[in-house]
Every structure is written in C-alpha cells, then in structure tokens.
Amino acid sequence: MARYKPYNYDQSMMMPVKLKDQLVPGTIEFAIHHLIDHKIDISVLDERYVNDDNGRPAYDPKILLKVVLVAYARGIIGSRRIERACRENMVFIALTCGQVPDHSTIATFVSSCARSSASWKRRSPN
C-alpha cells in the first residue's frame, strides 16, 4: 500500500510576512511601486477628495493606481477580479498594505483617472 506524508487542514499556521519584501526589485510590481512613489507627481488626484472634515477616509490614490497598473500589466482587467487579487494575491496585498478596495471603488477610480491623467507630471529630480 502506498504511503503519503500526513496533512491536516484543521491546523493553524502563523506566517510572518514583511509586505515590503514581497515587492522584489526587477519585477514589474516593484517598478510600478517605485515610479509612483518617487517619479510621478499625481497630486492632481488629491483634488478629487473633499473629505477633510467630514466623510470616511479614502484609499490613497497612489495605492489604487499601483494596484490598477499592476493588474493591467498581468492581464487582470475587471474591477471584481482586481478586488479579488487584493484579497488573495500576496503581491497585491503588499501593494495595498493589506487593504482591500471594493470593486466599485476601483471602477470609479479607473474612470476618473482617464479624465485626469493628462495633467500628471514627472517629478523634478531632487
């Protein structure tokens, strides 16, 4: 009779993960993360958010842009699939720092980016 290694689905595991380490240099997700954080001025997106005194805190547009660009680069187009990736894929979890934007938030962001992307600028070198 064949012998197999034992396994148990009813066990708990704690896996320490440093989110920053999931964005490996030389990968498309690292490049997108670096470009958005250090090379592209997307402050024009901040003007859309008017929730200083009232309302719920919004997702940072940098995070949403990173997620959408990485998703598109990987062939993930639909907002529901992007939401699922943010919940299940470690690279997307690292990009969002564990936040899971709703598919309607993602879809609204994508449609608003189409209107405002012409005004984005490259940051001047420091």
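Data block above holds the structure.
The present account deals with the structure reproduced in this document. (Residues numbered from 1 in each chain as written. Predicted model: local features only at pLDDT ≥ 70, side-chain atom pairs only at ≥ 80, totals over all residues. Heavy atoms only, no water.)

Some thoughts on the layout of surface pockets
Size it by volume and the largest pocket reaches roughly 250 Å³. What lines the largest pocket is simply Arg48, Tyr49, Arg56, Pro57, Ala58, Tyr59, Leu64, Thr105, Thr108 and Phe109. Of the residues forming the lining of the largest pocket, the biggest block, 3 residues, is contributed by helix α5 (residues 103–116). Here the lining of the largest pocket is composed, by residue class, of 6 nonpolar, 2 polar and 2 charged. (1 Å grid on protein atoms, 1.4 Å probe; cavity = no way out; pocket = protein on both sides within 12 Å on 5 of 7 lines; lining within 4 Å. Points joined across faces, edges and corners; volume = space filled by probe spheres on them. Helix = DSSP H or I, 4+ residues; strand = E, 2+ residues; numbered from the N terminus. Nonpolar A, V, L, I, M, F, W, Y, C, P; charged D, E, K, R; others polar.)

Side note on the nonpolar core
Formed by 23 residues in total, the largest nonpolar core has its most connected members in Val67, Ile76, Ile82, Phe92, Leu95 and Phe109. Of all the elements in the fold, those that place two or more residues in this core are α1 (28–38), α2 (61–73), α3 (79–88), α4 (90–96) and α5. Per element, the largest residue contribution to this core is 7 residues, and it comes from α2. When sequence neighbours within four positions are dropped, the list of residues in contact with isoleucine 82 reads Val67, Ala71, Tyr72, Ile76, Ile77 and Ile106. (Core = buried A, V, L, I, M, F, W, Y, C linked by side-chain atoms within 4.5 Å. Buried < 20%, exposed > 50% of the residue type's maximum accessible area, 1.4 Å probe, protein only. Contact = heavy atoms within 4.5 Å.)

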